[in-house]
Amino acid sequence: MVSIKGGRKRLMTGAVAAATAGLALGAFALSGPANGATETARAAGASQHAKPTIILEHGAFADGSSWNGVISDLRADGYPVIAAANPLRGPASDAAALRTVLDHVKGPKIVVGHSYGGNVISQAATDDPEVKALVYVAAFLPAPGESALELTNKFPGSTLPGTLDPVTYQQADGSTATDLYIQQDKFRHQFAADVPARQAALMAAEQRPIDQAALEEKATTAAWKTKPSWDIITTEDLNIPVAVQRFMAKRAHAHTTEVAASHSVAVSHPHLVADVIERAARATVR
């Protein structure tokens, strides 16, 4: 286990990478054009060392923009990235939606889930041989038969229930459903305490609700049982208690990194999150 108290600087910035690429191009120009055999060999080498696509799945009370800092780092290091839109309607239907993305992207993939997104990737990645690793970011790692709500309550510490703003509405078939938001004036303290106040206010306004039933729906499969997993555990988390996170990570035999961060660790510590994702990619894709 790695324990981190603060963020880390990137080992290579985009500027350094660009400078390195420029030197390489200069050397090529001085040496003259390569022959066909050399070009073929280079193409084969590039294919062998192609980087996996990183698929990011956000959780409840968030959207794809929560990955912006992480995406910037991953792209600077040459990784293709897709931040999937999570419908937040239920693990089974959300996993089906994510599978359409996984099926569309060819080649090796690293799948990353934040919070409730962990439920979704655990189901969507099952039996997909092109998913080489799973990365959980302050996330749920449910076993079959477990729900997000059940896991949250396994140990004390979550203050989420007292901050929720439920909205009940009528569906097309006449039945009712309830969407859950976090009250905007409580959002930063509950969800993003280490994010600058102005940015947290934007996140509160942009949050996407989750169907209450999604938190009660039980998992049916667990991809972490058969795929190598990495887990970022947030010790200042008010949504998923740290004891719950540690329990799930230990059960999954995940490679863990602990950081003193809020539930919105991908926003407050994007470099750390990107580094863990890249570590998983290097360990599993050759």
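(A) Expanded view of the side chain of Gln207. Looking at the element boundaries, Gln207 is found in the loop between α8 (197–206) and β8 (210–211). Owing to a relative accessible area of 8%, Gln207 belongs among the buried residues under this scheme. There is a polar contact of 2.8 Å between the side chain of Gln207 and the backbone oxygen of Ile182. A distance of 3.1 Å separates a polar atom in the side chain of Gln207 from the backbone oxygen of Ala204.

(B) Inspection of helix α4 (residues 91–104) at higher detail. The end-to-end C-alpha distance of α4 is 20 Å, a good match for the 20 Å that 14 residues give at a rise of 1.5 Å each. All of the buried residues along α4 are Pro91, Asp94, Ala95, Leu98 and Leu102. For α4, the buried positions fall inside an angular range of 100° around the axis, keeping them on one side. Exposed side chains of α4 directed beyond 90 degrees from the buried face belong to Thr100 and His104. Close packing links the buried residues of α4 with β2 (53–57), β3 (81–84), β4 (109–114), α5 (117–124), β5 (131–137) and α9 (212–216).

(C) View of the layout of surface pockets. The volume enclosed by the largest pocket comes to roughly 280 Å³. Those elements that provide at least two residues to the lining of the largest pocket are α6 (148–152) and α9. By residue class, the composition of the lining of the largest pocket is twelve nonpolar, seven polar and one charged. Of the voids in this model, the second largest pocket is the one considered here, and its volume is about 220 Å³. Around the second largest pocket, the lining comprises 17 residues; the ones closest to its centre are Ser65, Ser66, Gln199, Met203 and Val267. Along the lines of polarity and charge, the residues of the lining of the second largest pocket split into nine nonpolar, six polar and two charged.

(D) A look at helix α3 (residues 68–76). Among the residues making up α3, those that are buried are Val70, Ile71, Asp73 and Leu74. Seen along its axis, α3 keeps its buried residues to an arc of 165°; they face one direction. Where α3 is buried, its residues touch β2, β3, α11 (265–268) and α12 (270–284). Gly78 lies just past α3 and shows a positive phi near 90°.

(E) Summary view of the packing of aromatic side chains. Applying the stated criterion across every chain yields a total of three aromatic pairs. One residue, Lys154, lies across the ring of Phe247, its end atom 4.8 Å from the ring centre.

(F) Local environment of the packing of α4 against α5. Running from N to C, α4 and α5 point in directions that differ by 60°, and their axes come no closer than 8 Å. Seen along the crossing, α4 lies across α5 with a hand that is right-handed. For the pair α4 and α5, the contacting residues are Pro91, Ala92, Asp94, Ala95, Leu98, Arg99 and Leu102 in the first and Val120, Ile121, Gln123 and Ala124 in the second. Within the contact of α4 with α5, the residues separate by chemical class into eight nonpolar, one polar and two charged.

(G) Structural context of the sheet that holds strand β6 (residues 164–170). Strand order in the open sheet formed by three strands is β6-β7-β8, with antiparallel pairing between adjacent strands. Single-partner strands in this sheet number two, and they are β6 and β8.

(H) Layout of empty space enclosed by the protein. For the coordinates displayed, the defined rule picks out one cavity of 30 Å³ or more. A volume near 50 Å³ is recorded for the largest cavity. Forming the walls of the largest cavity are Ala62, Ser66, His114, Phe191, Met203, His263, Ser264, Val265, Ala266 and Val267. A per-element tally of the lining of the largest cavity places α11 first, with three residues.

Cut-off values and rules
Residues numbered from 1 in each chain as written. Predicted model: local features only at pLDDT ≥ 70, side-chain atom pairs only at ≥ 80, totals over all residues. Heavy atoms only, no water. Helix = DSSP H or I, 4+ residues; strand = E, 2+ residues; numbered from the N terminus. Buried < 20%, exposed > 50% of the residue type's maximum accessible area, 1.4 Å probe, protein only. Polar contact = N/O pair within 3.5 Å; in protein donor to acceptor, adjacent residues only side chain to side chain. Expected span 1.5 Å × (residues − 1). Arc of directions from axis to C-beta. Contact = heavy atoms within 4.5 Å. 1 Å grid on protein atoms, 1.4 Å probe; cavity = no way out; pocket = protein on both sides within 12 Å on 5 of 7 lines; lining within 4 Å. Points joined across faces, edges and corners; volume = space filled by probe spheres on them. Nonpolar A, V, L, I, M, F, W, Y, C, P; charged D, E, K, R; others polar. Phe/Tyr/Trp six-rings, centres within 6.5 Å; stacked < 30°, edge-to-face > 60°. Lys NZ or Arg CZ within 6 Å of the ring centre and 35° of its normal. Axes fitted to C-alpha atoms, helices over the stretch in contact; angles between N-to-C directions. Left-handed = near helix turned anticlockwise from the far one by under 90°. Pairing = 2+ DSSP bridges.

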